[in-house]
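Coordinate analysis (summary)
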Protein chains: 2
Amino acid sequence: MVQVPLKQFLLNGQITEAIENAATMHPADVAETLREIPFEIQMEFIAKLLPERAADILQEMKLDSEADILSELEPTKAAEILRQMYTDEAADLLAELPEEDSEELIALMKDDGEEIKELLEYEEDTSGGLMATEFVAIREEQTVEEVLAQLRQQAPSAENAYYIYVLKKDQTLAGVISLRELVVSPLDTKIEAIMKRDVISVPEDMDQEEVAHIFEKYGFLILPVVDEEHKLIGIITVDDVLVVAEEEATEDIHKGASITPLETGYDGTGILTLFNKRIFWLVGLVFVNLISSGVIASFEKVLSSAISLVSFIPLLIGTGGNTGSQSATLIIRALVTGDVKVSDWGKVFLKELLVGICLGLVLGLTSSVLGIFRGGVEVGLVIGLTMVSIVIVANLIGMLLPFGLTLLKLDPAVASSPLITTISDATGLLIYFSIAAIVLKL
Amino acid sequence: MVQVPLKQFLLNGQITEAIENAATMHPADVAETLREIPFEIQMEFIAKLLPERAADILQEMKLDSEADILSELEPTKAAEILRQMYTDEAADLLAELPEEDSEELIALMKDDGEEIKELLEYEEDTSGGLMATEFVAIREEQTVEEVLAQLRQQAPSAENAYYIYVLKKDQTLAGVISLRELVVSPLDTKIEAIMKRDVISVPEDMDQEEVAHIFEKYGFLILPVVDEEHKLIGIITVDDVLVVAEEEATEDIHKGASITPLETGYDGTGILTLFNKRIFWLVGLVFVNLISSGVIASFEKVLSSAISLVSFIPLLIGTGGNTGSQSATLIIRALVTGDVKVSDWGKVFLKELLVGICLGLVLGLTSSVLGIFRGGVEVGLVIGLTMVSIVIVANLIGMLLPFGLTLLKLDPAVASSPLITTISDATGLLIYFSIAAIVLKL
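Notes on the structure follow. (Residues numbered from 1 in each chain as written. Chains lettered and ligands numbered in written order. Predicted model: local features only at pLDDT ≥ 70, side-chain atom pairs only at ≥ 80, totals over all residues. Heavy atoms only, no water.)

1. Looking at the interface of chain A and chain B
One widely used convention gives an interface's size as the accessible area the parts lose upon coming together. The line we're drawing: The contact criterion used is simple: two residues touch if any of their non-hydrogen atoms lie within 4.5 Å. Summed over both partners, the accessible area (1.4 Å probe) lost when two parts come together is defined as the buried area. For this analysis, a salt bridge means a side-chain nitrogen from Lys or Arg found within 4 Å of a carboxyl oxygen belonging to Asp or Glu. Two N or O atoms form a polar contact when they lie within 3.5 Å of each other; inside protein one atom must be a possible hydrogen donor and the other a possible acceptor, and for residues adjacent in sequence the pair counts only when both atoms belong to side chains. Residues were grouped as follows: Ala, Val, Leu, Ile, Met, Phe, Trp, Tyr, Cys and Pro as nonpolar; Asp, Glu, Lys and Arg as charged; and all remaining residues, including Gly, as polar.
Each partner contributes residues to the interface: chain A has 122 residues there, and chain B has 122 residues. For the pairing of chain A and chain B, the buried interface totals around 10,600 Å² over both sides, and the portion due to carbon and sulfur atoms is 67%. Its largest share of buried area at the contact with chain B, chain A owes to Leu-242, Tyr-266 and Arg-278 of chain A, together 8% of the area lost on that side. Taken together, chain A and chain B are joined by twelve salt bridges. Ionic pairing is found between Lys-62 of chain B and Asp-339 of chain A, a salt bridge with its closest N-O pair at 3.1 Å. Linking chain A to chain B there are 39 residue pairs in polar contact (both at pLDDT 80 or more). Along the lines of polarity and charge, the residues of the side of chain A that touches chain B split into 65 nonpolar, 32 polar and 25 charged.

Right, here's the structure in full:
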């Protein structure tokens, strides 16, 4: 959907032609094209647009690019553009700027600035941080005709007009009515006769992941946010939540590989930050790994009398780690999506015990053949028995750790693949050398 | 938001009271309560509801539970309920049933059945599989007043009335108008004067992950689906996409641990299926692991003359595996979300080279201290040098493999943590023994 001409006009510096060309394009497509254009030309283009159009396009860009452009614009121009944005977008953007810049802009935004200032006080990843203050509020004693007239006058943006909130005198939420119901009702109907009274709302401090779950559960397009006294203070639209869902998935995926989640995308994260997000876990795991080294050191005599056992170490502990990663990943995701509850642990234990036995038997058989081929029947027996035991045990470790962490009110995602692998390495070695010592009578 | 009384009424078998109690509850909350109730009581409750209410509640349940209930109901009752569902929901549900059951129900649904039959022909994970056929279509020569009258008569559900599609005589898409624009325009305005002409639509065979990206990019609530001739054939609402986003995230997370993605949630997946989804990769990785065994076997002489080297194997290859998992996970996710493009590989290579050097230096220093403590200065030197090299190399393997897979038009997620760990094990051992042979002059 990206049109080639716009890019060409921009690259040639033909800003007027570019503006004309972009006029019928969706702001998201214009924003996509701008990503591939040098910053100076982006600036020149945005500066020449009407504030409303500039706001539409900026809102579709990445937050850090938006902030770069905004801080280079004339402050009065920047404030004008900010006033045309949705309040939630404007607040997110101002939060990216240095404090003195953002204070200057808020002052220039006058009345609108006050509203933004309040929004900035909410934690970024809560319902308060997600919400916008553009909602349509009416009274229950109004008629359909009066409300329609009010809508014509206020001309709210399309998305925010779909649900109209009915407030009591003290601003608390009394009901909700959809634009469709309004349209299909006789003009003299009183709102109180047609409004829905049980409005599902969220408190201002709810975690954004929970907000996303509520949208998903009820299939809502818009969710009202209320304060402690049940007063309506904002609305969250589902499109913001779609972005949250992707962010949360990325966070979960990063945690699964022992990476402290990045705040910006990979592309926007510098080398030092990447280093910081990774080194903590890697060094920590080195110390967990020392247990494995200790196990080997204490069995050194066994090993030197049967050196061929060493060559099976990566195979055995590697397979154990892979099995444990699988079960940990399955369980963590099931706990996060609510597919499995903590109280289900007994049922899940049994299930993974059985799955582990099946996996262990197939893997044990495969590797015992490899063992016989390399070191005879006795070695084959050791390898086969060890593999069965390691797979079953590692599978259960991978399953139990996320449950245990959840019970201790910790994040189950701490049971990442690297941690599970490292723990099952040590366990696997202990199993291996014990079985070898018994079977080979070392 | 789940009310305790409903559960009690149901458990006591007081179905009439339960129906009364549930009347003001959101269908999603009723469905949540039903999950905790024995199947026979669920059946009795659903069977006694009016078809419309039963449809609302069933649509909020998990697909497999829905299918269980539907197949136990009287076929005429089941068909009546299906007719009250959104067509996309009804089609998904019928696809779960055995073919002869679904054919019987479709026949009982009469006209509505025909529509469902057509929907069932689309692939489940494409735009055609996601879409519903309930949309409001008008002509450009109609006036606002005529369209409002049509809406009153058709009484479409709230979500589908927000965007009204303007079709040409041949059913192709000419424009779109939002309900809000309709409401704020004078009654005698012609639709063609106010409709938006550049409608963004998706083809019927687009992959659902791509559909989700379009919703996210443009912030749409509804997206029209067109066939090859640009005729409007259905609409997708954003709430369905929110479910898709979670499914796709789960798939990506499972792939990251070398698990073939489950079609149903963990809870609904049997032991044999879990086994099947996991064993393929585990056995495959055993064979990759044989490379490590081969490396050790070929260095057996070196090892038997310095048996203490063995105890560092898990530490060195484990850390390499962890580092590689981290970089592979970061890159795969960045490629999936579009944060990094394939053409960026050179830039990313440089970035990961630098990050790898930083990580390697810290980890090398830490582990050389451990090496000195255990085996003297020379061993410390071997361990430190090996650690630096392994970390840098494993980090680059983790980064290069996803790019390489994408270039070969394969899924980058194949570069899962277990695969990367297994490959860097073999590489790490080769590095370790080579450095040891040189430094210790073995």
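2. Examining the packing of aromatic side chains
All names here are of chain A. Cut-off, in case you're wondering: Classification of ring pairs uses Phe, Tyr and Trp, with its six-membered ring standing for Trp, and accepts pairs whose centres are within 6.5 Å; under 30 degrees between planes counts as stacked, over 60 as edge-to-face, and the remaining range as tilted. Think of it in three bands: residues with accessible area under 20% of the maximum for their type are buried, residues over 50% are exposed, and the middle band is partly exposed, with areas taken using a 1.4 Å probe on protein chains only.
For the structure shown, the criterion picks out 13 aromatic pairs over all chains. Their ring planes at 80° and their centres at 5.8 Å tell us that Phe-280 and Trp-281 sit as a pair that is edge-to-face. Classification of Trp-281 as partly exposed rests on a relative accessible area of 21%. Where Trp-345 meets Phe-349, the ring centres are 6.5 Å apart and the plane angle is 75°; that geometry is what we call edge-to-face.

3. Focus: helix H12 (residues 144–154) of chain A
Quick reminder of the rule: Going along the chain from the N terminus, every DSSP run of H or I of four or more residues is numbered as a helix, and every run of E of two or more is numbered as a strand. The arc in question is the one spanned by the directions pointing from the helix axis to the C-beta atoms.
All buried positions along H12 of chain A are accounted for by Val-144, Val-147, Leu-148, Gln-150 and Leu-151 of chain A. One face of H12 of chain A carries all of its buried residues, which in axial projection span an arc of 160°. Of the surrounding elements, those touching the buried residues of H12 of chain A are strand S1 (137–138), strand S2 (163–167), helix H13 (179–184) and helix H14 (191–194) of chain A together with helix H13 (179–184) of chain B. Ala-155 of chain A sits one or two positions beyond H12 of chain A and adopts a positive phi of about 45°.

4. Focus on a negative patch on the surface
All names here are of chain A. Going by this rule: Patch members must show over 30% relative accessible area and no salt bridge, and they are joined within 9 Å when carrying like charges or within 5 Å when they are nonpolar side chains of Val, Leu, Ile, Met, Phe, Trp or Tyr. Here the accessible surface of atoms and residues is derived via Shrake-Rupley with a 1.4 Å probe, and residues count as covered only by protein chains that are part of the display. Charge assignment: positive for Lys and Arg, negative for Asp and Glu; neither His nor the chain ends contribute. Note that the charge is assigned to NZ on lysines, CZ on arginines, CG on aspartates and CD on glutamates.
The grouping of Glu-40, Asp-64, Asp-68, Glu-72, Glu-96, Glu-123, Glu-124, Asp-125, Asp-207, Glu-210 and Glu-247 at the surface amounts to a negative patch. Tallying contributions element by element places helix H6 (residues 63–72) first for the negative patch, with three residues. By the secondary structure assignment, Glu-123 is in the loop between helix H10 (110–119) and helix H11 (127–130).

5. Overview of the pattern of salt bridges
Scanning the entire structure with this criterion turns up 22 salt bridges over all chains. Residue Arg-83 of chain A pairs with Asp-112 of chain A through a salt bridge whose shortest N-O separation is 2.9 Å. One end of the pair, Arg-83 of chain A, is in helix H7 (residues 75–84); the other, Asp-112 of chain A, is in helix H10, and 29 residues separate them in sequence. Its salt-bridge partner being Arg-333 of chain B, residue Asp-252 of chain B comes within 3.7 Å of it at the nearest N-O pair. Here the residue Asp-252 of chain B occupies a position in helix H16 (residues 238–256), and Arg-333 of chain B occupies one in helix H19 (residues 313–337), the gap between them amounting to 81 residues. The exposure class assigned to Asp-252 of chain B is buried, which follows from its relative accessible area of 15%.

6. Quick look at the pairing of strand S5 (residues 222–226) of chain A
All names here are of chain A. The cut-off we apply is this: Two strands pair under a simple rule: DSSP has to find at least two bridges between them.
In terms of residue burial, S5 counts as a mostly covered element, since five of its five residues are buried. Going residue by residue along S5, you find Ile-222, Pro-224 and Val-226 tucked away on one face and Leu-223 and Val-225 tucked away on the opposite face as well. As defined by bridge partners, strand S4 (residues 202–203) adjoins S5 across two bridges and the pair is classed as parallel. When the sheet's bridge partners are listed, Pro-203 is paired in S5 with Val-226. Here five bridges tie S5 to strand S6 (residues 232–237), and the two strands are oriented antiparallel to one another. Within S6, the position partnered with Val-225 by the bridge is Gly-234. Counting the residues between successive antiparallel strands, the hairpin from S5 to S6 contains five residues, one of them, His-230, with a positive phi of roughly 65°.

7. What about the packing of helix H4 (residues 39–48) of chain B against helix H6 (residues 63–72) of chain B?
Residues and elements named next belong to chain B. This is how it is decided: Orientation is described by lines fitted to C-alpha atoms, with helices fitted over the stretch in contact, and by angles between N-to-C directions that extend from 0 to 180 degrees. Throughout this description, any angle smaller than 35 degrees is read as roughly parallel, any larger than 145 degrees as roughly antiparallel, any in the 65 to 115 degree range as roughly perpendicular, and the remainder as oblique. Crossing handedness follows the turn of the near helix against the far one: under a right angle anticlockwise gives a left-handed crossing, and clockwise gives a right-handed one.
For the pair H4 and H6, interaxial distance at closest approach is 10 Å and the crossing angle is 65°. The angle between the axes of H4 and H6 places the two elements in the roughly perpendicular class. Note that H4 runs across H6; the crossing there is right-handed. Residues Phe-39, Gln-42, Met-43 and Ile-46 of H4 pack against Asp-68, Ile-69 and Glu-72 of H6. Within the contact of H4 with H6, the residues separate by chemical class into four nonpolar, one polar and two charged.

8. So, the side chain of Lys-277 of chain A
Residue and element names in this part refer to chain A. For Lys-277, the location among the structural elements is in helix H17 (residues 271–298). Of the residues examined, Lys-277 reaches a relative accessible area of 13% and is grouped as buried. Not counting chain neighbours up to four residues away, the residues in contact with Lys-277 comprise Ser-258, Ile-259, Thr-260, Pro-261, Leu-262 and Glu-263.

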